[in-house]
Amino acid sequence: MSDECIFCKIIKGDIETQFVYDDDEIVAFKDIHPQAPIHLLVVPKKHIPTVNALDESDAPLIGKMVLVAKGLAKDFGVNESGYRLIINVERGGGQLVFHIHMHLVGGWENDK
Ligand code: 5GP
Ligand code: ZN
């Protein structure tokens, strides 16, 4: 946990956010500034700043993030039309929040 981290605050409940998924390791919620009709963030509860901070012991957690995203894509009806899973890494990669997270974006009309 990091006191300054906005996603840690969301996970702790300090910033009220509706979770679309919640288990002991991972939460997911809607992005506050959606870039697509469906734009979710899949976020581990463990505070890991970036992909560059991952180590071998995090491999199962990262695998689970992809599986949670897969389930959410089905829940939100974009599994067949298709979607993107994106992890931005460091400032040059577009990362703004330094608590690792995966974007699930989809639902564009031309995918139908
Ligand atoms: P990044 O650029 O770091 O990969 O993505 C961070 C994402 O978090 C952005 O798309 C931004 O809109 C989203 N975000 C930032 N603060 C909040 C917040 O307080 N609530 C929610 N739901 N999303 C947030
Ligand atoms: Zn954090």
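Look up a bit, the structure's there.
Since this is a predicted model, take the numbers as computed values, not measurements.

Peer 1: It is not clear to me how the pattern of salt bridges should be interpreted in this structure. Could you clarify?
Peer 2: Pairs can form between side chains of opposite charge once their charged atoms are near each other. Taken as a whole and judged by the stated rule, the model has 6 salt bridges. Here D23 ties to K64 by a salt bridge, and the two come within 2.9 Å at their closest N and O atoms. Taken together, the positions of D23 in the loop between β1 (19–22) and β2 (26–30) and K64 in helix α2 (residues 59–75) put the pair 41 residues apart, joining distant regions of the chain. Among the residues examined, K64 registers a relative accessible area of 23% and is labelled partly exposed. With its nearest N and O atoms 3.0 Å apart, the salt bridge here joins K64 to E25. Taken together, the residues span a long stretch of sequence, with K64 in helix α2 and E25 in the loop between β1 and β2 at a distance of 39 residues. On the basis of relative accessible area, E25 is assigned to the partly exposed category, the value being 35%. Residues joined in a network through salt bridges with shared partners are D23, D24, E25 and K64.

Peer 1: What exactly am I supposed to notice about the coordination of the zinc ion (ligand 2) here?
Peer 2: Octahedral metals with six donors have ideal donor angles of 90 or 180 degrees. Tetrahedral metals with four donors have an ideal donor angle of 109.5 degrees. Protein coordination at the zinc ion (ligand 2): the donors are C5 (SG), C8 (SG), H47 (ND1) and H99 (ND1), at 2.0 to 2.3 Å from the metal. Around the zinc ion (ligand 2), the 4 donor atoms sit at angles spanning 105 to 117 degrees, and that spread fits a shape best called tetrahedral. For the zinc ion (ligand 2), the donor residues sit on a single chain with the sequence spacing C-x2-C-x38-H-x51-H. Of this pair, H47 sits in the loop between β3 (38–44) and α2 while H99 is found in the loop between β4 (83–86) and β5 (102–106), placing the two residues 52 residues apart along the sequence.

Peer 1: How should I be thinking about the sheet that holds β1 in this particular structure?
Peer 2: Backbone hydrogen bonds are what pair the strands of a sheet, in a parallel or an antiparallel way. The 5 strands lie next to each other as β1-β2-β3-β5-β4, forming an open sheet whose pairing is antiparallel. Two strands close off the open sheet at either side, each with one partner strand: β1 and β4. Recorded for the sheet is a direction-independent mean angle of 15 degrees between the axes of neighbouring strands. Against the sheet, α2 engages β1, β2, β3, β4 and β5, with an angle of about 150 degrees to β3.

Peer 1: So what exactly am I meant to see when it comes to unusual backbone geometry here?
Peer 2: Glycine aside, residues mostly have negative phi angles, and peptide bonds mostly take the trans form. The phi dihedral of E90 falls on the positive side, at around 65 degrees, and the residue is not glycine. If you trace the backbone, E90 turns up in the loop between β4 and β5. Overall, the relative accessible area of 30% leaves E90 in the partly exposed class.

Peer 1: Explanation requested: the environment of A28 in the structure shown.
Peer 2: Note that A28 resides in strand β2. Residues A28 and L61, 33 residues apart in the sequence, show an inter-C-alpha distance of 14 Å. For A28, the residues in contact, after removing those within four places along its chain, are Q18, F19, V20, Y21, L41, V42 and L72.

Peer 1: Explain α2 here, please?
Peer 2: Each α-helix turn comprises 3.6 residues. Residues three or four places apart therefore point the same way. Taking 1.5 Å per residue, 17 residues should reach 24 Å; α2 reaches 25 Å between its end C-alpha atoms and fits that length. Every buried residue of α2 is listed here: L61, M65, V68, A69, L72 and A73. Take α2 and look down its axis: the buried residues cluster within an arc of 140 degrees, on one side only. Turned more than 90 degrees away from the buried face of α2 sit P60, L67, K70 and K74, all of them exposed. The elements touched by buried residues of α2 are β1, β2, β3, β4 and β5. One or two positions beyond α2, positive phi appears at G77, with a value near 75 degrees.

The rules behind each value
- Residues numbered from 1 in each chain as written.
- Chains lettered and ligands numbered in written order.
- Predicted model: local features only at pLDDT ≥ 70, side-chain atom pairs only at ≥ 80, totals over all residues.
- Heavy atoms only, no water.
- Salt bridge = Lys/Arg side-chain N within 4 Å of Asp/Glu carboxyl O.
- Helix = DSSP H or I, 4+ residues; strand = E, 2+ residues; numbered from the N terminus.
- Buried < 20%, exposed > 50% of the residue type's maximum accessible area, 1.4 Å probe, protein only.
- Donors = N, O, S within 2.8 Å, 3.2 Å for Na, K, Ca; no water.
- Tetrahedral: all angles 85-135°; square planar, octahedral: opposite > 155°, others 65-115°.
- Pairing = 2+ DSSP bridges.
- Axes fitted to C-alpha atoms, helices over the stretch in contact; angles between N-to-C directions.
- Contact = heavy atoms within 4.5 Å.
- Expected span 1.5 Å × (residues − 1).
- Arc of directions from axis to C-beta.

Spatial relationships are all this shows, so hold off on functional conclusions.
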